[in-house]
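Working through the structure, step by step
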Amino acid sequence: MKNTKVLQEYVPKLNLMETEVAIKQIKDFFESKLSEALSLIRVSAPILLKGGKGLNDNLNGVERVVAFDAVDIGDAPLEIVQSLAKWKRTALARYGFTPGQGLYTDMNAIRRDETLDQLHSIYVDQWDWEKVITKSQRTIKTLKSEVNKIYKVFLETEQYLNHCYPKLTPVLPEEIYFITAQELENLYPHYSPKEREDLITKQNGAVFIMQIGDILRSGEKHDGRSPDYDDWSLNGDILFWYPTLERAVEVSSMGIRVDERSLLKQLRLANNESRLTLDYHRSVLNNELPLTIGGGIGQSRLCMFFLKKVHIGEVQASVWNEQIIKECLERNIPLL
């Protein structure tokens with residue numbers, strides 16, 4: 001919390017009871033509109049996956065998975081999901097989805113190595129979505145089209161909440177701005193990636209930063225990405241400028257998924273070619289899975305943004321260390 005500006009005289013726009021009601025309103029409204037906009041149906045999703053299959057999200061490749069054994073399962077450890085990025089693609093194949101059709105689900109994860117602050121919690125909740133596309137649709141044009149559909153849902157949700165709670169004044173611009181990570185570095189070469197995100201998002205209000213994961217001309221990455229789900233040339237993050245905290249907030253990460261060529265290339269660049277022996281990766285290489293586009297949209301992040309909260313703990317019940325609890329108490333930040 002020391003690295004983020006917090007109003008010293010913070011007064012929540014909604015009280016605790018109003019907040020709980022509004023969280024439900026946001027989730028119900030957004031979920032319905034997202035399903036309609038992207039032609040998605042809701043499916044059940046696991047919170048546990050068997051280890052050793054390559055299905056769990058590796059995130060940046062350094063985070064420790066929460067794993068344990070179970071009496072009646074066998075030797076393979078069970079892992080709590082970090083996200084469902086790869087599981088969704090296998091589900092599309094199993095259910096027989098065709099191009100233009102897709103699924104979404106509620107994803108609940110535990111990320112034990114997360115550094116806790118106003119935007120990050122050990123507990124992660126998001127809408128994970130995925131839809132089937134054709135080979136000819138693996139383009140930037142397709143990516144931008146889906147981003148614009150999702151952004152329209154954000155705008156509709158913001159207007160809906162303003163109607164329900166007039167004190168929640170809309171702040172999002174009418175359109176989202178597109179820029180690649182390399183273009184952003186060229187624009188602000190002497191700033192860090194996070195500083196660039198703040199600068200471009202403050203200027204435009206809502207931004208989709210594309211092509212994240214590969215090394216830029218400076219020799220550095222804009223941000224880390226696992227090499228085995230997004231195609232680094234066809235992915236990106238949605239960020240909103242958040243006046244309440246005076247910073248950019250990432251609300252979604254998404255992309256067109258790897259085909260066999262991009263998977264081989266990215267595993268080689270990441271020195272992760274050992275993953276090629278895993279079930280999921282062999283399925284991609286053998287063209288046993290559909291070509292897809294998908295992503296995750298943070299539920300608590302979205303609720304925090306729309307309800308103009310200063311801490312993610314105001315919209316989700318999680319676990320915090322004593323220092324954070326003390327600071328929130330001193331600054332009138334009511335944690336759920």
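As shown above, the structure is provided for reference.
Residues numbered from 1 in each chain as written. Predicted model: local features only at pLDDT ≥ 70, side-chain atom pairs only at ≥ 80, totals over all residues. Heavy atoms only, no water.

When helices and strands are tallied, the chain shows 9 helices and 11 strands. In terms of C-alpha radius of gyration, the chain reaches 20 Å, essentially the compact-globule figure of 20 Å for 336 residues. Expressed as lengths along the three principal axes of its C-alpha atoms, the size of the chain is roughly 60 × 50 × 40 Å. Classification of the 336 residues of the chain by burial places 51% in the buried group. At a minimum sequence separation of 6, the contacts of the chain that also span at least 24 residues come to 74%. Accessible surface for the chain amounts to roughly 15600 Å². Of this, 50% is attributable to carbon and sulfur atoms. Charge separation in the chain, taken as the distance between the mean sites of 42 positive and 47 negative side-chain charges, equals 3 Å. (Helix = DSSP H or I, 4+ residues; strand = E, 2+ residues; numbered from the N terminus. Rg over C-alpha atoms; globule rule 2.2 N^0.38 Å. Buried < 20%, exposed > 50% of the residue type's maximum accessible area, 1.4 Å probe, protein only. Contact = heavy atoms within 4.5 Å. Areas by Shrake-Rupley, 256 points an atom, 1.4 Å probe, with all protein chains shown as cover. Lys, Arg positive; Asp, Glu negative; His and termini not counted. Charge placed at Lys NZ, Arg CZ, Asp CG, Glu CD.)

Another point: the environment of Y188. Tracing the sequence through the fold places Y188 in the loop between α4 (181–187) and α5 (193–204). Separated by 87 residues in sequence, Y188 and R275 place their C-alpha atoms 36 Å apart. Residues in contact with Y188, not counting those within four places in the same chain, are R196, L199, I200 and Q203.

Time to look at unusual backbone geometry. One non-glycine residue with positive phi stands out, namely S39, at about 60 degrees. On the accessibility criterion, S39 (44% relative accessible area) is partly exposed.

For any two aromatic rings, the description comes down to two numbers: the centre-to-centre distance and the angle of the planes. This structure, assessed with the given rule, holds 11 aromatic pairs. Measuring from ring centre to ring centre gives 6.3 Å for Y95 and F97, while their planes differ by 55 degrees; the resulting arrangement is tilted. The partly exposed category is assigned to Y95, whose relative accessible area is 45%. Overall, the relative accessible area of 14% leaves F97 in the buried class. (Phe/Tyr/Trp six-rings, centres within 6.5 Å; stacked < 30°, edge-to-face > 60°.)

Quick look at the sheet that holds strand β2 (residues 48–50) now. Here we have 3 strands laid out as an open sheet, ordered β2-β4-β3, and antiparallel in their pairing. Across the chains shown, the open sheet's two edge strands, defined by having one partner strand only, are β2 and β3 (67–68). Sheet analysis places β3 next to strand β4 (residues 78–80), joined by 2 bridges and oriented antiparallel. By the bridge assignment for β4, A67 is matched with E79. (Pairing = 2+ DSSP bridges.)

Further remarks concern the side chain of S121. Turning to its location among the elements, S121 is positioned in the loop between β5 (102–110) and β6 (123–132). Separated by 3.1 Å, the side chain of S121 and the backbone nitrogen of Y123 make a polar contact. Side-chain polar atoms of S121 contact the side chain of S318, separated by 2.8 Å. The residues contacting S121, other than those within four sequence positions of it, are E114, L116, I312, Q316, S318 and W320. (Polar contact = N/O pair within 3.5 Å; in protein donor to acceptor, adjacent residues only side chain to side chain.)

Nonpolar side chains in soluble globular proteins generally cluster together in the buried interior. Membership of the largest hydrophobic core comes to 54 residues, with the highest contact counts inside it found for F154 and I238. When residues in this core are grouped by element, the largest group, 8 residues, is from helix α3 (residues 140–164). Filtering out sequence-adjacent residues up to four positions away, F154 remains in contact with F30, L172, I238, F240, V251, I297, L302 and F306. Counting 20 residues, the second largest nonpolar core, distinct from the first, contains V43, W87, L92 and V132. (Core = buried A, V, L, I, M, F, W, Y, C linked by side-chain atoms within 4.5 Å.)

To continue, consider the sheet that holds strand β11 (residues 292–298). What the 8 strands build is an open sheet, ordered β1-β5-β6-β11-β10-β9-β8-β7; its pairing is mixed. Two strands lie at the open edges of the sheet, namely β1 (40–42) and β7 (177–180), each paired on one side alone. Along the sheet, successive strands turn relative to each other by an average axial angle of 25 degrees, direction set aside. In this sheet, strand β10 (residues 247–257) lies alongside strand β9 (residues 230–242) in antiparallel orientation, the contact comprising 9 bridges. Paired with L239 across the strands is E250, a residue of β10. (Axes fitted to C-alpha atoms, helices over the stretch in contact; angles between N-to-C directions.)

Right, let's talk about the environment of S283 for a bit. Residue placement: S283 occurs in helix α7 (residues 279–285). Relative accessible area serves as the criterion here: at 17%, S283 is assigned to the buried category. The sequence separation of S283 and P193 amounts to 90 residues, and the corresponding C-alpha distance is 34 Å. Beyond its immediate stretch of four places on either side in the chain, S283 contacts E288 and L289.

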